[in-house]
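# Structural description and commentary
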Amino acid sequence: MRHDPRLHALIFLLALPLAAPASAAATDLFLSEIVEGSSNNKAVEIYNGTGAPVDLAAGGYTLQFYFNGGTTANFNLALSGTLADGEAFVIAPGNANATILAAADQVSGTSWFNGDDAIVLRKGGDLLDVAGQIGVDPGSQWGTGLASTADNTIRRKASVCAGDTDGSDAFDPAIEWDGYATDTFDGLGSHSASCGGGGLPTDPAAAGSASPASLAAGDSTLLTVTVTPGANPASTGITVTADLAAIGGAATQAFHDDGTNGDATAGDLTFSWQATVDAATPAGPATLPVAIADAEGRSGATSIALSVVARVDIAEIQGTGVGSPLPVGTEVVTEGIVTARRANGYFIQSAIGDEDGDPATAEGLFVFTNAAPPADAAVGNRLRVAGRVTQFSRTPHGFPLTQLGNSTLTVLATGQSLPPAVVLDDTVLAPEVPLSALGRYQGMRVQLPAGKVVGPTNAFGDFHVTLPQTPRPAREPGIAALDAVPLPPGNNIPVFDRNPERLRVESRGLEDGTALYVDAGTWSKAWKASCITTAATSPC
């Protein structure tokens, strides 16, 4: 497109400063980004790395465009406003798109440059910077590929801290500019320069973490500290030490960034130490102070937070009766073998020999992960799981399911044999048993040698079964047990026992489950499941 050299006088300011800190001082302003996009999507960015604010109007700063190889500016825009040190100033045409205009600090005109037009920044008549070559028409653009002036965004390299003050010299964008695809606007309004020499010194900084962050006394955890080096000059000889006395370790423990002592990758500025919590460490939160230092005499500090929690068996978490004997929110560490996976968690069960011997306590537990469980929670893996005790009920009047939330895991062994399934009989599936009878098997693998379907299958593939000899149950009159319905004193409304002889089967309840649609009255042998669900218990 050839330009009609016209001056467009519509000018207004948008008060939207967009800044990025500079790490070096420049002698004056310079061009830092040029957008030559589709249609009218154009913009020019100017950067201030001088170390002081600049009054654009008082300094006589002007943006100029030289169209089609001309030697006289066809577009002259006096800049106004104050440009703070380290900030970028964006100028755009009034017909640019909304993204560009949102980043603009000054807007002027509608007929702007193309890829073959020189762009000049002046101060009181002195040329400070030029993109292109005044008096030369390159055809369609300067440069090639992305590092070219047509249909691209070009951004000044971080190592450049001064403009090109010779408008007549040859221009190759690749030397000082990085190129980006058409309509790239994500960097518009911010710029950084790292050529050195003028920035203020900064101290090294860091962030620490523990994995796992909740563990029992005697367990191990990987402590890591990720360091951001100091600048001006850049940090060298970085060291990281931590006070591990709170968990029974050394008071000045050195961390490593050399691929040893638990460090994953040498030289990546993540310093590590594989720590073991002393067996005598009391339960509770612990904060480990961390000190960072460099060879330039600067220092920084952070800390690592972790929790030492009680190691308990699954049966201790489940307890007897309804709910857990442990308060909701209690942090615990337990162990078990993964027996099944759901879309939002997985089941663990005590290994053979680890049971407490009490038939009234369940040996299974659901670990809620909210999303798909991690790959390490594979069926047959023995895990050490740290988490918080929580309760879940399908409905407000259902029995609560005890589970662990906010969990982390450690794989102790793979390919373990699964605990045998418990055979269900009329001691837990019968019209007169307590509603909580099945609670002793919560989260465990169970088997029903034979069953009879006693109701229709719903849209999710769920249905109810009873033992073959059990008469088909019906909804009896009265308020359902567990319904929180306030009744006046002396009211004798009967209570419906919710048919504890029924067992709910969720055919799609486990990962990769296939929906079964069966008719009432259907008989089947050897119903097997990795968890139990009834009208009297919450879903697994």
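Residues numbered from 1 in each chain as written. Predicted model: local features only at pLDDT ≥ 70, side-chain atom pairs only at ≥ 80, totals over all residues. Heavy atoms only, no water.

## Some words on the side chain of Thr-221
- Its location among the elements puts Thr-221 in strand E19 (residues 220-228).
- Judged by relative accessible area, Thr-221 falls into the buried class, the value being 0%.
- A distance of 3.3 Å separates a polar atom in the side chain of Thr-221 from the backbone nitrogen of Ser-211.
- A distance of 2.7 Å separates a polar atom in the side chain of Thr-221 from the backbone oxygen of Pro-212.
- Ignoring sequence-local partners within four residues, the contact set of Thr-221 consists of Ala-210, Ser-211, Pro-212, Leu-215, Trp-273, Gln-274, Ala-275 and Leu-306. (Helix = DSSP H or I, 4+ residues; strand = E, 2+ residues; numbered from the N terminus. Buried < 20%, exposed > 50% of the residue type's maximum accessible area, 1.4 Å probe, protein only. Polar contact = N/O pair within 3.5 Å; in protein donor to acceptor, adjacent residues only side chain to side chain. Contact = heavy atoms within 4.5 Å.)

## Some details on the pattern of salt bridges
- Tallying each qualifying case throughout the model produces 20 salt bridges.
- Among the salt bridges present, the one from Glu-506 reaches Arg-342, with a minimum N-O distance of 3.3 Å. Of this pair, Glu-506 sits in strand E35 (residues 503-506) while Arg-342 sits in strand E25 (residues 331-342), placing them 164 residues apart in sequence.
- Taking relative accessible area as the criterion, Glu-506 reaches 16% and is therefore assigned buried.
- A relative accessible area of 16% means that Arg-342 is categorised as buried.
- A salt bridge links Arg-504 to Asp-462; the nearest nitrogen and oxygen atoms lie 2.9 Å apart. Highlighted residues: Arg-504 in strand E35 and Asp-462 in strand E32 (residues 462-466), separated in sequence by 42 residues. The same class applies to Arg-504 and to Asp-462, which are both buried. (Salt bridge = Lys/Arg side-chain N within 4 Å of Asp/Glu carboxyl O.)

## Some points on the sheet that holds strand E6 (residues 61-66)
- As summarised here, the arrangement of the four strands in space is E7-E6-E11-E12, forming an open sheet in which the pairing is antiparallel. With partners counted over all chains shown, the strands left at the sheet margins are strand E7 (75-78) and strand E12 (126-131), one partner each. The mean angle between the axes of side-by-side strands here comes to 20°, regardless of whether they run parallel or antiparallel.
- Bridge analysis of E6 against strand E11 (residues 118-123) gives six bridges, and the strand direction is antiparallel. (Pairing = 2+ DSSP bridges. Axes fitted to C-alpha atoms, helices over the stretch in contact; angles between N-to-C directions.)

## A closer look at the sheet that holds E19
- Across the sheet, which stays open at both edges, the three strands sit in the order E17-E19-E22 with antiparallel pairing between neighbours. On the outer flanks of this sheet lie strand E17 (205-211) and strand E22 (270-276), each paired with one strand and no other. The sheet shows a mean angle of 20° between the axes of neighbouring strands, taken without regard to direction.
- In this structure, E19 lies alongside E22, joined through seven bridges in antiparallel fashion.

## A short note on the nonpolar core
- Counting residues in each nonpolar core, the largest one holds 34 residues, and the members touching the most others are Phe-65, Leu-79 and Ile-119.
- Secondary structure elements with two or more residues in this core: strand E3 (30-36), strand E4 (42-47), E6, E7, strand E9 (87-92), E11 and E12.
- With residues up to four places along the chain from it excluded, the contact list for Phe-65 reads Val-44, Ala-73, Asn-74, Phe-75, Trp-112, Phe-113, Ala-118 and Ile-119.
- One finds Val-227, Ile-247, Phe-271 and Ala-286 within the second-largest nonpolar core, a separate group that totals 21 residues. (Core = buried A, V, L, I, M, F, W, Y, C linked by side-chain atoms within 4.5 Å.)

## Quick word on the environment of Leu-365
- Mapped onto the secondary structure, Leu-365 falls in strand E27 (residues 364-368).
- Along the chain, Leu-365 and Gln-403 lie 38 residues apart, while their C-alpha atoms are 6.0 Å from each other.
- Aside from chain neighbours lying at most four places away, what touches Leu-365 is Ile-314, Ile-317, Gln-318, Thr-334, Tyr-346, Phe-347, Ile-348, Thr-402, Gln-403, Leu-404, Gln-442 and Gly-443.

## As for the confidence of the model for the protein chain
- Counting all residues, the mean pLDDT for the protein chain is 88, and 90% of those residues have values of 70 or more.
- A low-confidence stretch, residues 1-24 (pLDDT under 50), is modelled with 79 contacts involving residues beyond four sequence positions or located in other chains.
- The low-confidence segment residues 529-540 (pLDDT under 50) makes 55 contacts with residues lying over four places distant or belonging to another chain. (pLDDT = per-residue confidence, 0-100.)

## Here's the deal with the packing of aromatic side chains
- Evaluation of the coordinates by the stated rule reveals nine aromatic pairs.
- A ring pair is formed by Phe-347 and Phe-366, whose centres lie 4.9 Å apart and whose planes are at 50°; its orientation type is tilted. Taken together, the residues span a long stretch of sequence, with Phe-347 in strand E26 (residues 345-349) and Phe-366 in strand E27 at a distance of 19 residues. For the residue pair Phe-347 and Phe-366, the accessibility class agrees, reading buried in each case.
- Ring pairs connect the aromatic residues Phe-65, Phe-67, Phe-75, Trp-112 and Phe-113, which therefore count as one cluster.
- Taking NZ or CZ as reference, Lys-42 lies 5.8 Å from the ring centre of Phe-113, over its face.
- Here Arg-155 stacks its cationic end above the ring of Tyr-180, 4.1 Å away from the centre of that ring. (Phe/Tyr/Trp six-rings, centres within 6.5 Å; stacked < 30°, edge-to-face > 60°. Lys NZ or Arg CZ within 6 Å of the ring centre and 35° of its normal.)

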